[in-house]
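# Descriptive analysis of the structure
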Amino acid sequence: MIASLLGKKNPPLLGLDISTSSVRIVELSLVGKTIWRLERFAAEALPRGAVVDGTIENIEQVSEAIRRAWKKSGSRVRHVALGMPPAAVITKKIILPVGLDEDELAVQVESEAAQYIPFALDEVSLDFDVIGPAPNSPDDIEVMLAASRKEKVEDRIAVAEAAGLTATVMDIESYAARAALDRIAFDYLPNGASSKIIGLFQIGSQVTHISLMQDGQTIYEREQPFGGNQLTQDIVRAYGMSFDEAEAKKKAGELPESYASDLLRPFLENAALEVTRAIQFFFTSTPYTRVDHIFLAGGCANIPGLVDIIASRTQIPSAVATPFKGMQLADTVRERQLRLDAPAYLVACGLAMRRYD
């Protein structure tokens, strides 16, 4: 039985992003056919250990955070699009004959999946999406297969339902981020994004997710164990604070004067080094030899000085990815908070866009 993983559109729909440190909600609408409008957004912090390496360890804590974020947003929409961490999903492009109906495709996909998935098929949620004609083969089509362990999918469905919401779409977080980035990339690239290789670095609390894309397709993807928690831990050690207090003061900018030179500057240097290493690894492990533009997203993207030092060290034009760039804003949206937090909403924004796919 093929269970929906890529999902289908089912408006109205909220984008719900569950990360290691927080949950984030986005509600979008379209004004006419082309103008996006941000209706609502909200976030709620998660207790440490509630989500570990993309796995939900405490369903009650996560569902309660989702419930609080939903109430804070003021939304009445209860259907949500959720994302799976890329590491929890196996994806594979396969080639199938043209002319198969949906049921025949499903049978063929299951047959092909057995060759690539290291689990019994009854242990996975499996879905597929027809990409289009196969390159250089007019009698075939290219199909994207996606599979994840059932318990991983069911845990995300469970936390949404425990919060009073309904999981309608299950996407892959990196795909959702790419969808949100595709919408704004042309505004940052003066001659358009065609054929350019774009690097997206989502720097979260514990992990940096790296995607290299060309013409709307991901050509390289990996994760590195680097994130904002390293800076928070440095603050804990330097000033004798609890982790929660250090995190709060870091965000509020309420740290001693020595913080900028003693802690922040070394963290920025390390972040730039991580990005540089990732790009060099991309060059050595693929046929590609250039990156045309870097975008930063995630909770750390707006740290003062980060985008400048990365641009300087890599010698690649760099910018912070603001997923709501060019959108209309509803009267209830707090613009100041949005400017501070927007890069952290890239995945949630992409998930919310699934309603309009």
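This report concerns the structure included in the present document. (Residues numbered from 1 in each chain as written. Predicted model: local features only at pLDDT ≥ 70, side-chain atom pairs only at ≥ 80, totals over all residues. Heavy atoms only, no water.)

### Here we look at empty space enclosed by the protein
Summed over all chains, the structure comprises one cavity of 30 Å³ or more. Here the largest cavity is characterised by a volume of approximately 30 Å³. Looking at the largest cavity, the residues that line it are F201, I203, T208, F226, A271, E274 and V275. The element that contributes the greatest number of residues to the lining of the largest cavity is helix α7 (residues 259-285), accounting for three residues. Of the residues belonging to the lining of the largest cavity, the class tally is five nonpolar, one polar and one charged. (1 Å grid on protein atoms, 1.4 Å probe; cavity = no way out; pocket = protein on both sides within 12 Å on 5 of 7 lines; lining within 4 Å. Points joined across faces, edges and corners; volume = space filled by probe spheres on them. Helix = DSSP H or I, 4+ residues; strand = E, 2+ residues; numbered from the N terminus. Nonpolar A, V, L, I, M, F, W, Y, C, P; charged D, E, K, R; others polar.)

### Some remarks on the pattern of salt bridges
Across all of its chains, the model carries 17 salt bridges by this definition. The residue K72 makes a salt bridge to E44 at a minimum N-O spacing of 2.9 Å. Within this pair, whereas K72 is found in helix α1 (residues 59-73), its partner E44 is found in strand β3 (residues 35-45), the two being separated by 28 residues in sequence. The partner of R354 in a salt bridge is D171, and the shortest N-O contact between them spans 2.9 Å. One end of the pair, R354, is in the segment after α10 (346-352); the other, D171, is in strand β10 (residues 166-172), with 183 residues separating them in the sequence. For R354, a relative accessible area of 12% gives the class buried. (Salt bridge = Lys/Arg side-chain N within 4 Å of Asp/Glu carboxyl O. Buried < 20%, exposed > 50% of the residue type's maximum accessible area, 1.4 Å probe, protein only.)

### Thoughts on helix α3 (residues 150-162)
Here α3 spans 18 Å end to end across 13 residues, near enough to the 18 Å set by a 1.5 Å rise per residue. The set of residues buried in α3 consists of V153, R156, V159 and A160. Looking down the long axis of α3, one finds its buried residues gathered within 130 degrees of arc, a one-sided arrangement. Once α3 finishes, G164 follows within two positions and takes phi at roughly 90 degrees, a positive value. (Expected span 1.5 Å × (residues − 1). Arc of directions from axis to C-beta.)

### Here's the deal with a negative patch on the surface
Taken together, the side chains of D53, E57, E221 and E223 define an acidic patch exposed on the protein surface. The residue D53 is located in the loop between β4 (51-52) and β5 (55-56) in this model. D53 sits in the exposed class, given a relative accessible area of 64%. (Patch = residues over 30% accessible without salt bridge, like charges linked within 9 Å, V, L, I, M, F, W, Y side chains within 5 Å. Areas by Shrake-Rupley, 256 points an atom, 1.4 Å probe, with all protein chains shown as cover. Lys, Arg positive; Asp, Glu negative; His and termini not counted. Charge placed at Lys NZ, Arg CZ, Asp CG, Glu CD.)

### Some points on the nonpolar core
Ranked by size, the top nonpolar core spans 37 residues in total, and within it F201, I235, V291, I294, L296, L306 and I310 carry the most contacts. Broken down by secondary-structure element, the contributors of at least two residues to this core are β11 (197-203), β12 (208-214), α5 (229-239), α6 (243-252), α7, β14 (293-297) and α8 (306-314). Residue contacts for V291: discarding those within four places in its chain leaves I197, G199, L212, I279, F282, F283 and I316. Judged by nonpolar contacts, the second largest core, of 36 residues, contains M213, A297, F324 and M327. (Core = buried A, V, L, I, M, F, W, Y, C linked by side-chain atoms within 4.5 Å. Contact = heavy atoms within 4.5 Å.)

### Quick word on the sheet that holds β14
Taken together, the five strands give an open sheet; going across it, the order is β13-β12-β11-β14-β15, and neighbouring strands pair in mixed fashion. For this open sheet the edge positions go to β13 (217-224) and β15 (318-320), each flanked by a neighbour on one side alone. If you compare each strand with its neighbour and ignore which way they point, the axes differ by 20 degrees on average. In terms of strand pairing, β11 meets β14 through five bridges, oriented parallel. Counterpart to G199 in the pairing with β14 is I294. Across the sheet, helix α4 (residues 173-188) is in contact with β11, β12, β13, β14 and β15; its angle to β11 comes to roughly 125 degrees. Relative to the sheet, α8 contacts β11, β14 and β15, its axis offset from that of β15 by approximately 160 degrees. (Pairing = 2+ DSSP bridges. Axes fitted to C-alpha atoms, helices over the stretch in contact; angles between N-to-C directions.)

### Side note on unusual backbone geometry
For D53, which is not a glycine, the phi torsion comes out positive at approximately 50 degrees. The phi angle at Q315 is positive, at roughly 60 degrees, despite the residue not being glycine. Within the secondary structure, Q315 sits in the loop between α8 and β15.

### Comments concerning the packing of α7 against α8
Orientation of α7 relative to α8, taken along the N-to-C sense of each, is 45 degrees, at an axis distance of 9 Å. Comparing the axis directions of α7 and α8 gives the class oblique. Where α7 crosses over α8, the handedness of that crossing is right-handed. For the pair α7 and α8, the contacting residues are R265, L268, E269, A271, A272, V275, T276 and I279 in the first and L306, I309, I310, R313 and T314 in the second. Taken together, the residues of the contact of α7 with α8 break down into eight nonpolar, two polar and three charged. (Parallel < 35°, antiparallel > 145°, perpendicular 65-115°, else oblique. Left-handed = near helix turned anticlockwise from the far one by under 90°.)

### Considering the side chain of H293
By the secondary structure assignment, H293 is in strand β14. Residue H293 is classed as buried on the basis of its relative accessible area, which comes to 8%. Setting aside chain neighbours within four positions, we find H293 in contact with Y188, L189, I197, I198, G199, I316, P317, S318 and A319.

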